[in-house]
Amino acid sequence: MLFRSEGTILVKETFKNKAAYDKGSKFILTVMIKQKAGSSPETGDWGFVMGAKGKVSTGTSKWAKFCSNCHVYAASNDYVFMNADFMAGMKK
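Residues numbered from 1 in each chain as written. Predicted model: local features only at pLDDT ≥ 70, side-chain atom pairs only at ≥ 80, totals over all residues. Heavy atoms only, no water.

Attention shifts here to the nonpolar core. If you look at the biggest cluster of nonpolar residues, it comprises six residues: M32, W46, F48, C67, Y79 and V80. Leave out the neighbours within four places in its chain, and Y79 touches M32, T43, G44, W46, H71, V72 and A74. (Core = buried A, V, L, I, M, F, W, Y, C linked by side-chain atoms within 4.5 Å. Buried < 20%, exposed > 50% of the residue type's maximum accessible area, 1.4 Å probe, protein only. Contact = heavy atoms within 4.5 Å.)

Right under this line is the structure:
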């Protein structure tokens, strides 16, 4: 299991779907920020930011639940996954 330290930031481009990605459509930046240990056990202590508003969602907030619904499948990798790995796992 990997544990990233408090303050680690991961940024990725998010597309509406694979067709939008293939077409090169506009993307939204999504950000994960590792929080202080124990501050958001529901999300593996990750905060999520989606889009330009910059609000960090943690705990049981609407967006934290939305993001963590997928990230929970990568709990053994500190809730971090690559889309290709995630999609391959969902087919099983």
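Attention now goes to the packing of aromatic side chains. Across all of its chains, the model carries three aromatic pairs by this definition. Ring centres 5.3 Å apart and planes at 80° place the aromatic pair W63 and F66 in the edge-to-face group. Of this pair, W63 and F66 both sit in helix α2 (residues 62-71), three residues apart, roughly one helical turn. For W63, a relative accessible area of 41% puts it in the partly exposed group. (Phe/Tyr/Trp six-rings, centres within 6.5 Å; stacked < 30°, edge-to-face > 60°. Helix = DSSP H or I, 4+ residues; strand = E, 2+ residues; numbered from the N terminus.)

A separate point is unusual backbone geometry. Positive phi is not limited to glycine here, since D45 has a value of about 65°. Among the secondary structure elements, D45 is positioned in the loop between β2 (28-34) and β3 (46-50). Here the phi dihedral of D78 falls at roughly 55°; this positive angle occurs in a residue that is not glycine. Taking the relative accessible area as the measure of exposure, D78 reaches 2% and is therefore buried.

What follows concerns the side chain of S68. Structurally, the position occupied by S68 is in helix α2. In terms of polar contacts, S68 uses its side chain to reach the backbone carbonyl oxygen of K65, at 3.4 Å. Look past the residues within four positions of S68 in its chain and what remains in contact with it is E42, T43 and F48. (Polar contact = N/O pair within 3.5 Å; in protein donor to acceptor, adjacent residues only side chain to side chain.)

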